[in-house]
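Fold and geometry: a report
Listed below, chain by chain, are the residues.
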There are 2 protein chains.
Amino acid sequence: MTEARRRPGPKRALTQDDVLDAALRLMDADGPVAASIRRIAGELGVTPNAVYTYFADKAAIEQALVERLLGEVNAAAPATGGWRADLELLAVEIRARLVAHPGAVPLFLSGAMNGPQALLLGERLLDRLSAAGLDRAAGARGAYLIMVYVLGAIALEVADQPHAGVLPPEAERIAARAAAWGEVPADRFPRTAAATDVMATWIGTDQYLWGLRRLLDSFAGLRS
Amino acid sequence: MTEARRRPGPKRALTQDDVLDAALRLMDADGPVAASIRRIAGELGVTPNAVYTYFADKAAIEQALVERLLGEVNAAAPATGGWRADLELLAVEIRARLVAHPGAVPLFLSGAMNGPQALLLGERLLDRLSAAGLDRAAGARGAYLIMVYVLGAIALEVADQPHAGVLPPEAERIAARAAAWGEVPADRFPRTAAATDVMATWIGTDQYLWGLRRLLDSFAGLRS
DNA sequence: ACCTGAACACCGTTCAAGT
DNA sequence: ACCTGAACACCGTTCAAGT
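Residues numbered from 1 in each chain as written. Chains lettered and ligands numbered in written order. Predicted model: local features only at pLDDT ≥ 70, side-chain atom pairs only at ≥ 80, totals over all residues. Heavy atoms only, no water.

- Chain A is annotated in an unreviewed UniProt entry as AcrR family transcriptional regulator from Actinoplanes octamycinicus.

Structural data, given as structure tokens:
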């Protein structure tokens, strides 16, 4: 995995996308820490300072990575009609795209999301909540509530995994959690010890949709 | 701020708490990156390797820091009676304690929360949701929904701030956001451009409580 | 048990220089 | 415009040694 992969064809200058590709490959393989400037350069077969031809600093790379993944989300998940189904589809799409690159997930919660793709995603949320009957202010508040929930759930899901690299299948992760929760002392934490079977599924799709539907349900009482 | 502060009194051995105190001081002053092993050691007046007498590695320090701050939350915010008021008070308390140390916030979303204080907090949530009339499974799902919301909102609030150190007053941050949103192109993002006044308040207390109340409202339909 | 000296294998970033 | 050589000021962690 440390082998340098150059793009096919004759020798040519790099691009910003080459840098982002390399960063994503490294993060997928060895976790978030692996995407260092020096290792990215190594992947591309150049010296570390060559990377600064394409990005001002490491923060700029991380910001561009966020925009790229949000772009994938916006490209998929078209609006099909009903606001509720659209929002569920969008939320599921965001989770699928981000969880595919666990090492990139912390970037979404460690910097302001104000790029074009972030704006486009926000615009889509506002549009669907308008269709849901929310007024301007309630729509704006609701859109942020959804983003907080989606990003928070994805971050906690990824953080639950101790190992670097791509996540194991969901069923496997839930089984591992169920085993770990077996050690909870029932005398000190009775309700927790009695609910470990449900808690094991917290990082799963069912819980994700359950929580999302609580939010969408609550919007019903806000129609103007 | 780089001046070494030793504890008062005669020379004595350090403690785990001394290390955590130093780490928090550094993070509060210069952001999350400042809490390096080497700078912590400098604060304490010892060489870097002395820190390894008290913690196995840097991850252990971060884990202990999370537990310490959760302990502060658990120590405050007692139950006063109504489940709704209790949960709101608890959520507000968590936000106050974590936002006071912005540099520590990312730690809550970058590692599994399974220490004693995390368990105690979870137990309290399960207890209050039981009082709300939720059955065992719905209570467990609801407790996680609240944690996802609370941690996600706090993380995004802190991430919105570009500068290291303690956060400016809320009104100041909202005003800065309102100014920044003025640049949104209304032709490409019409709904966004029309809602910037509300979006500026996304990182404020009103939005935080608004979102929390949507969650609590949705629990009403789940009483068994 | 608690701490130091010295080292190893890394970081991000910058400056000057080359083509 | 695009890349390299060399350096600066950092990291986390470990090993051996001292008291």
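Focus: the overall build of chain A
- Counting its secondary structure elements, chain A contains eleven helices and zero strands.
- Its helices and strands in sequence order give chain A the pattern α-α-α-α-α-α-α-α-α-α-α, from N to C terminus.
- Taken along its principal axes, the extent of the C-alpha atoms in chain A is 60 × 50 × 25 Å.
- The 224 residues of chain A split such that 50% are buried.
- Excluding contacts between residues fewer than 6 apart, the proportion of contacts in chain A whose partners are at least 24 apart in sequence is 69%.
- Carbon and sulfur atoms form 56% of the exposed surface of chain A, whose accessible area is close to 10,000 Å².
- Each charge class in chain A was averaged separately, 24 positive and 26 negative side chains, and the resulting centres sit 3 Å apart. (Helix = DSSP H or I, 4+ residues; strand = E, 2+ residues; numbered from the N terminus. Buried < 20%, exposed > 50% of the residue type's maximum accessible area, 1.4 Å probe, protein only. Contact = heavy atoms within 4.5 Å. Areas by Shrake-Rupley, 256 points an atom, 1.4 Å probe, with all protein chains shown as cover. Lys, Arg positive; Asp, Glu negative; His and termini not counted. Charge placed at Lys NZ, Arg CZ, Asp CG, Glu CD.)

Describing the interface of chain A and chain B
- In this complex, chain A contributes 53 residues to the contact, which on the side of chain B involves 53 residues.
- At the boundary of chain A with chain B, total buried surface from both sides reaches about 4,800 Å², with 69% on carbon and sulfur atoms.
- Three residues, Arg141(A), Tyr144(A) and Arg191(A), lead the burial of chain A against chain B; their summed loss comes to 16% of the area buried on that side.
- Run the count over chain A and chain B and you get four salt bridges.
- Residue Arg136(A) pairs with Asp197(B) through a salt bridge whose shortest N-O separation is 2.8 Å.
- The tally of links from chain A across to chain B stands at 16 residue pairs in polar contact (both at pLDDT 80 or more).
- Broken down by class, the residue content of the side of chain A that touches chain B amounts to 32 nonpolar, eleven polar and ten charged. (Buried area = accessible area lost by both parts, 1.4 Å probe. Salt bridge = Lys/Arg side-chain N within 4 Å of Asp/Glu carboxyl O. Polar contact = N/O pair within 3.5 Å; in protein donor to acceptor, adjacent residues only side chain to side chain. Nonpolar A, V, L, I, M, F, W, Y, C, P; charged D, E, K, R; others polar.)

Comments concerning the protein's contact with DNA strand D
- Neighbouring DNA strand D are 17 residues; Thr47(A), Asn49(A), Tyr54(A), Ile37(B) and Arg38(B) lie closest to it.
- Of everything in DNA strand D that lies within 4 Å of the protein, sugar and phosphate atoms constitute 49%.
- At 2.9 Å, a backbone N or O of Ile37(B) approaches a phosphate oxygen of DNA strand D.
- Tyr52(B) is positioned such that a nitrogen or oxygen atom in its side chain is 3.0 Å from a phosphate oxygen of DNA strand D.
- When residues in the surface near DNA strand D are grouped by element, the largest group, three residues, is from helix α2 (residues 37–44) of chain B.
- In terms of residue class, the surface near DNA strand D is built from seven nonpolar, five polar and five charged. (Near = heavy atom within 4 Å.)

A closer look at the protein's contact with DNA strand C
- Ile37(A), Arg38(A), Thr47(B), Asn49(B) and Tyr54(B) are the nearest of the 17 residues found near DNA strand C.
- Counting only atoms of DNA strand C within 4 Å of the protein, the fraction found in sugar and phosphate groups is 49%.
- Here a phosphate oxygen of DNA strand C and a side-chain polar atom of Ser36(A) are 3.1 Å apart.
- Residue Tyr54(B) places a side-chain N or O atom 2.3 Å away from a phosphate oxygen belonging to DNA strand C.
- Ranked by residues supplied to the surface near DNA strand C, first place goes to helix α2 (residues 37–44) of chain A with three residues.
- Residues that form the surface near DNA strand C fall into these classes: seven nonpolar, five polar and five charged.

Considering the relation of the copies chain A and chain B
- Of the transformation placing chain A onto chain B, the axial shift is 0.0 Å and the rotation is 180 degrees, giving an RMSD of 0.0 Å. What we have between these two chains is a two-fold relation. Across chain A, the rotation axis passes nearest the C-alpha of Gly152(A), at a separation of 2.1 Å.
- When the interface residues of chain A are mapped onto chain B, 100% of them again fall at the interface, so both copies present the same face. (Least-squares fit on C-alpha atoms with pLDDT ≥ 70 in both.)

Digging into the confidence of the model for chain A
- Summing up the model confidence of chain A, the mean pLDDT is 93 and the portion of residues at 70 or higher is 95%.
- Here residues 1–9 of chain A is a poorly scored stretch, pLDDT under 50, and it has 16 contacts once near neighbours within four places are set aside; other chains count. (pLDDT = per-residue confidence, 0-100.)

Topic: the UniProt feature "domain: HTH tetR-type" (unreviewed entry) in chain A
- UniProt records the feature "domain: HTH tetR-type" (unreviewed entry) for residues 13–73 of chain A in the present numbering.
- Along residues 13–73 of chain A, the helical share is 64% and the strand share 0%, with 29 Å between the first and last C-alpha atoms. (UniProt positions renumbered as here; feature names shortened; annotations may be inferred.)

Topic: the environment of Val66(B)
All names here are of chain B.
- Turning to its location among the elements, valine 66 is positioned in helix α3 (residues 58–75).
- Judged by relative accessible area, valine 66 falls into the buried class, the value being 10%.
- For the pair formed by valine 66 and alanine 186, sequence separation is 120 residues and the distance between their alpha carbons is 42 Å.
- With near-sequence residues (within four places) excluded, valine 66 lies in contact with Leu107, Phe108 and Met113.

A few points about the UniProt feature "DNA-binding region" (unreviewed entry) in chain A
- The residues that UniProt annotates with the feature "DNA-binding region" (unreviewed entry) are residues 36–55 of chain A.
- The distance separating the terminal C-alpha atoms of residues 36–55 of chain A is 13 Å; by composition the span is 40% helix and 0% strand.

Let's talk about the side chain of Thr192(B)
- With respect to the secondary-structure elements, Thr192(B) resides in helix α9 (residues 190–194).
- For Thr192(B), a relative accessible area of 1% translates into the label buried.
- Among the polar contacts listed, one links the side chain of Thr192(B) to the side chain of Glu123(A), at a separation of 2.6 Å.
- Those residues in contact with Thr192(B) that sit more than four places away from it in its chain are Leu119(A), Gly122(A), Glu123(A), Leu126(A), Val184(B) and Met199(B).

What to know about the nonpolar core
- Core analysis: the biggest nonpolar cluster contains 152 residues, and Ile40(A), Tyr149(A), Ile40(B), Ile146(B), Tyr149(B) and Ile154(B) have the highest contact counts within it.
- Once residues lying within four places of it in the same chain are set aside, the contact partners of Ile154(B) are Ile94(B), Arg95(B), Leu98(B), Val99(B), Val105(B) and Tyr208(B). (Core = buried A, V, L, I, M, F, W, Y, C linked by side-chain atoms within 4.5 Å.)

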